[in-house]
Amino acid sequence: MNSEWKQWVYEKTAKPFFLSIHPESAHYLAQNLLGLSKKLPFVFPVLESLMTYSSERLKTKVAGIEFANPVGLGAGFDKTGELYPFLSRLGFGSIEVGTITGQSQAGNPKPRIFRYVEDEALINRMGFNNPGADVAEVTLRKQKKNCIRGINVGKTKIVSEEDAVDDYVYSLKKLTPYADYAVINISSPNTPGLRNFQKKENFTKLMDGIKSGLGGKFPIPTFVKFAPDMEKEELKGLLELLPDSKLSGVILTNTTIDKSVLSRYPNVEKEGGVSGKPLRQRSTEFVRYAYSILKGNLPIIGVGGINSREAALEKILAGADLVQLYTGYVYNGPFLPVRILEYLDGVLKKTGARSISELVGKNKI
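Here goes a summary of the coordinates provided. In this text the structure is predicted, and so the values were computed from the model without any measurement. (Residues numbered from 1 in each chain as written. Predicted model: local features only at pLDDT ≥ 70, side-chain atom pairs only at ≥ 80, totals over all residues. Heavy atoms only, no water.)

A few points about the overall build of the chain
Then comes step 1: Summing up its helical and strand segments, the chain has 14 helices and 13 strands in all.
Then comes step 2: Taking all 365 residues of the chain together, 57% fall into the buried category.
Then comes step 3: Surface accessibility of the chain: about 15600 Å² in total, with carbon and sulfur atoms responsible for 52%. (Helix = DSSP H or I, 4+ residues; strand = E, 2+ residues; numbered from the N terminus. Buried < 20%, exposed > 50% of the residue type's maximum accessible area, 1.4 Å probe, protein only. Areas by Shrake-Rupley, 256 points an atom, 1.4 Å probe, with all protein chains shown as cover.)

Structure, rendered in structure tokens:
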């Protein structure tokens, strides 16, 4: 069964059902179904065969890490690490767990996630709901790591900005032994004051403090995740700090607080960040701009509005070494990664490129 036929079947069966229930309930239902498959040993080999695509051309080396393919699952889908054993077998080249905070927190009051189906968008104000670094450490320690695993860490809501360094350091010390790379999240709009760390002076102080707390250097390749709501000159200032910070790269972008990207605007008054298709153009512009500054010297992970094969290629041509899915995966289902990978491999074959890295930053094939 080719991937387009698989997608058609999903569109006609499971998708209408999942879209008919509340988005957070749909997420937990999918989580429970994945957990149930553990009790049915024959299920996962079948799923794996349907959702996996391999090619030597798709192998991608970033920050010294060998990825089986460039398509990852972004932070936010697996907030606890409990889904990693299942998600790691569904065709992704990497799974980013989190965001995890130093202390456990329930997140913001419900409802806190809202669908905008006509835009293939979500507004979320989840607020880093997660079990905390101690529990996450126990979860990850027990697992077999069979796919590149990233760990995304953020600031605990009740921790002051002045004490944020210790909070980040605590999480990183606990979790980096079980990860291939780490992400310092300073860009969520749902933790008050978090984006203040995107100001140059605050950014430098935070990164220097974290490095000092970790013994003078990051123990594994570490990225920072930025928001799409800053001016490009602000982004440029931060990007220029990356080499001295010893960070391994940047993730662009988190959600936007600009609700005008939605077709219902200005009727949308909900707090939170917009993700999905309306973010595609803005995040791609940030990737392209960042590539013009970094010039390939530091890798970029592109995320935002990747809901199709063409959207993934667009990010790579703009300068992304890797791409991540989240909202596009929610709307388009479990066959999106394999469809993207088949398409990218076809592009590589057609153009004679030997790897994704040969396409990165080329606005025209």
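Concerning the side chain of Asn152
Then comes step 1: Locating Asn152 in the fold gives a position in strand β7 (residues 148–154).
Then comes step 2: Engagement of the side chain of Asn152 in a polar contact is seen with the side chain of Glu96, the distance being 3.0 Å.
Then comes step 3: A distance of 2.7 Å separates a polar atom in the side chain of Asn152 from a polar atom in the side chain of Thr99.
Then comes step 4: Sequence-distant contacts of Asn152, that is, excluding residues within four places in its chain, are made with Ala75, Glu96, Val97, Gly98, Thr99, Ile100, Val183, Asn185 and Lys225. (Polar contact = N/O pair within 3.5 Å; in protein donor to acceptor, adjacent residues only side chain to side chain. Contact = heavy atoms within 4.5 Å.)

Regarding the sheet that holds strand β5 (residues 113–116)
Then comes step 1: The antiparallel open sheet is built from three strands, whose spatial order is β5-β6-β11. Looking along the sheet, the strands with just one partner apiece sit at the ends: β5 and β11 (273–276). Ignoring which end each strand starts from, the neighbouring axes of this sheet average 25° apart.
Then comes step 2: Pairing of β5 with strand β6 (residues 121–124) involves four bridges; the strand directions are antiparallel. (Pairing = 2+ DSSP bridges. Axes fitted to C-alpha atoms, helices over the stretch in contact; angles between N-to-C directions.)

A look at the sheet that holds strand β10 (residues 249–252)
Sheet strands line up and pair through hydrogen bonds in the backbone, either parallel or antiparallel.
Then comes step 1: One closed barrel accounts for eight strands, arranged β3-β4-β7-β8-β9-β10-β12-β13; its pairing is parallel. Neighbouring strand axes in the sheet, compared pairwise and without regard to direction, differ in orientation by 25° on average.

What to know about unusual backbone geometry
Then comes step 1: Cis geometry is found at the peptide bond from Gly98 to Thr99, where omega equals 15°.
Then comes step 2: The residue Thr99 is located in strand β4 (residues 94–101) in this model.
Then comes step 3: With omega at 5°, the peptide bond leading from Leu252 into Thr253 counts as cis.
Then comes step 4: In this fold, Thr253 is placed in the loop between β10 and β11.
Then comes step 5: Positive phi, close to 70°, is recorded for Lys246, a residue that is not glycine.
Then comes step 6: Tracing the chain through its elements places Lys246 in the loop between α10 (242–245) and β10.
Then comes step 7: We classify Lys246 as exposed; its relative accessible area is 58%.

Let's talk about empty space enclosed by the protein
Then comes step 1: Across all of its chains, the model carries two cavities of 30 Å³ or more by this definition.
Then comes step 2: For the largest cavity, the calculated volume is near 450 Å³.
Then comes step 3: Along the wall of the largest cavity there are 33 residues; nearest its centre are Ala75, Asn124, Asn254, Thr255 and Tyr326.
Then comes step 4: Elements represented by at least two residues in the lining of the largest cavity include exactly β4, β11, β13 (322–325) and α13 (327–332).
Then comes step 5: Each residue belonging to the lining of the largest cavity can be placed in one class, and the counts come to 10 nonpolar, 21 polar and two charged.
Then comes step 6: When its volume is computed, the second largest cavity comes out at roughly 40 Å³.
Then comes step 7: Lining the second largest cavity, in full, are Phe67, Pro70, Gly72, Ser94, Tyr181, Ile301, Leu322, Val323 and Gln324.
Then comes step 8: Per element, the largest residue contribution to the lining of the second largest cavity is three residues, and it comes from β13. (1 Å grid on protein atoms, 1.4 Å probe; cavity = no way out; pocket = protein on both sides within 12 Å on 5 of 7 lines; lining within 4 Å. Points joined across faces, edges and corners; volume = space filled by probe spheres on them. Nonpolar A, V, L, I, M, F, W, Y, C, P; charged D, E, K, R; others polar.)

Here's the deal with the pattern of salt bridges
Then comes step 1: This structure, assessed with the given rule, holds 14 salt bridges.
Then comes step 2: Measuring nitrogen to oxygen at the nearest pair gives 3.8 Å for the salt bridge that ties Asp208 to Lys211. Taken together, the residues span about one helical turn, with Asp208 and Lys211 both in helix α8 (residues 200–213) at a distance of three residues.
Then comes step 3: Accessibility expressed as a relative area gives 39% for Asp208, which makes it partly exposed.
Then comes step 4: Arg282 is the partner of Asp258 in a salt bridge, and the nearest nitrogen-oxygen pair spans 2.7 Å. A residue pair is termed long-range when its members are at least 10 positions apart, and Asp258 in the loop between β10 and β11 and Arg282 in helix α11 (residues 280–294) qualify at 24 residues.
Then comes step 5: Taking the relative accessible area as the measure of exposure, Asp258 reaches 24% and is therefore partly exposed.
Then comes step 6: By relative accessible area, Arg282 is classed as partly exposed at 23%.
Then comes step 7: A single network of salt bridges, built from pairs that share partners, joins Asp134, Glu137, Arg141 and Lys174. (Salt bridge = Lys/Arg side-chain N within 4 Å of Asp/Glu carboxyl O.)

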